[in-house]
Amino acid sequence: MKAAILYETNQPLVIEEVELDPPKKGEVHVKIGAAGVCRSDLHFMHGDAIIQTPAILGHEGAGTVLDVGEGVTSVKPGDDVILSFVPNCGRCPYCLTGRANLCDLHGATSGTLFDGTNRLHIGDQYITPMGKVGCFAQEAVVPETGCILLPKGFPLPQAALIGCSVTTGVGAAMYNAEITPGSTVAVFGVGGVGLNVIQGARLLGASKIIAVDIHQSKLEFASKFGATNTVDASSGDPVAKVKELTDGLGADYTFEVFGSSETVLNAYHSVKKGGQVIIVGIAPVTATAAIDPVSLVRFERTVKGCYYGSARPNIDMPTMVTLYKSGQIDIDGLITREYSLDEINQAYKDIDTTEIGRGVITKF
Ligand code: COD
Ligand code: ZN
């Protein structure tokens, strides 16, 4: 099968034929139908996040089950599924206490499937599937718990987005922050994930949702997803502007959805006394953010990390499916461009330039 391979950082992905071994016990063989163009993959391409190369990136995917390994009971050939990039073991302390997004076994086996081996190779050279998914490819073999069954006929591009940006963003608002009606919110970085924080905040009844970005086009787009105010961080101090828009207080909740020291600090300094700062973006591995501990204590601020929307993928992704079907969240409007797998390098050039919303690979 064909896949886009990362051999070296800061080099284009290479489209190549890859061998895919059949699924083993507890694994599922999936034909990829859609894969989202998310910034997290770009972090790996730039070396800002580390993955063992050669690797197949792509963690925001959906597809159709081709066949299943021994013991698989929750899906069967022909079923459509969302792929979760944090499949879970169900047995570690995190899984057992409802925090499957933090599964220990998934962390301990990053770079391989749960049994410590991979199904992807070119000859003797094994290839790492990002997040046990690797959906920048025609097919994948993934753990059963990484497959979330879809209702018949659910569109795969929309399903792919539920696999990352929707759940990460809406989940940050809903499951991590637990935004209360009437509160004020500021979102730093309104790309694919940030737009979903905005629509999550809208869904939960926030009275003011301030979108902060360095691109005017992204800010205009954010207004369509529920932002009530916009701040252009490329001119002037965004912290002062957020304060101005919140009667000098700062917002009740601020979200960092880009991944840099600068945006983390901006989110921190824009929060109200007693407020919450939710960090969704993962900054480059070498980054630090110096927070003044006095303000943390005296203003009783809370700084929280949020991974995968603090969601339990197998329970909360079906909720996202329901929210989409009932018209409470918009996913169609997020998808602004479709690409073929062969165009993947262009898709990633676009994410760094003018692209608004989300690009999705739909031809493999
Ligand atoms: N101030 C405000 N906004 C900024 C700034 C700045 N200084 N610099 C850039 N931005 C904006 C960009 O213009 C862009 O609109 C936005 O930030 C980022 O959007 P995208 O579409 O490029 O990125 P996303 O939304 O696809 O991904 C953002 C993440 C933060 C989720 C991602 O980059 C990340 O860090 N992921 C790791 C966290 C995680 O959970 N990963 C799992 C898979 S996503
Ligand atoms: Zn992602």
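Residues numbered from 1 in each chain as written. Chains lettered and ligands numbered in written order. Predicted model: local features only at pLDDT ≥ 70, side-chain atom pairs only at ≥ 80, totals over all residues. Heavy atoms only, no water.

**Here's the deal with the coordination of the zinc ion (ligand 2)**
Then step 1. Surrounding the zinc ion (ligand 2) are the protein donor atoms Cys38 (SG), His59 (NE2) and Cys164 (SG), which sit 2.0 to 2.3 Å from the metal.
Then step 2. In this structure, the zinc ion (ligand 2) is coordinated by four donor atoms arranged in irregular fashion, with angles at the metal of 85 to 130°.
Then step 3. All donors of the zinc ion (ligand 2) come from a single chain, and their spacing in sequence reads C-x20-H-x104-C. You can see Cys38 sitting in the loop between strand S4 (27–36) and helix H1 (39–46) and its partner Cys164 sitting in helix H4 (residues 156–177), a full 126 residues away along the chain. Per residue, the accessibility class of Cys38 equals that of Cys164, and both read buried. (Donors = N, O, S within 2.8 Å, 3.2 Å for Na, K, Ca; no water. Tetrahedral: all angles 85-135°; square planar, octahedral: opposite > 155°, others 65-115°. Helix = DSSP H or I, 4+ residues; strand = E, 2+ residues; numbered from the N terminus. Buried < 20%, exposed > 50% of the residue type's maximum accessible area, 1.4 Å probe, protein only.)

**Some remarks on the state of the cysteines**
Then step 1. Enumeration over the complete set of coordinates arrives at zero disulfides.
Then step 2. No disulfide involves Cys89; its sulfur sits 3.7 Å from the nearest other cysteine sulfur, which is in Cys103.
Then step 3. Accessibility expressed as a relative area gives 16% for Cys89, which makes it buried.
Then step 4. Cys164 provides the cysteine sulfur closest to Cys306, a residue in no disulfide bond, and the two sulfurs are 11 Å apart. (Disulfide = S-S within 2.5 Å.)

**Topic: the sheet that holds strand S8 (residues 120–122)**
By definition, the strands of a sheet pair up through backbone hydrogen bonds, in either a parallel or an antiparallel sense.
Then step 1. Pairing within the open sheet is antiparallel, and its three strands lie in the order S3-S8-S9. Two strands lie at the open edges of the sheet, namely strand S3 (19–20) and strand S9 (125–126), each paired on one side alone.
Then step 2. Both S8 and S9 contribute to a ladder of two bridges, which runs antiparallel. Each residue of the ladder has a partner; that of His121, found in S9, is Tyr126. (Pairing = 2+ DSSP bridges.)

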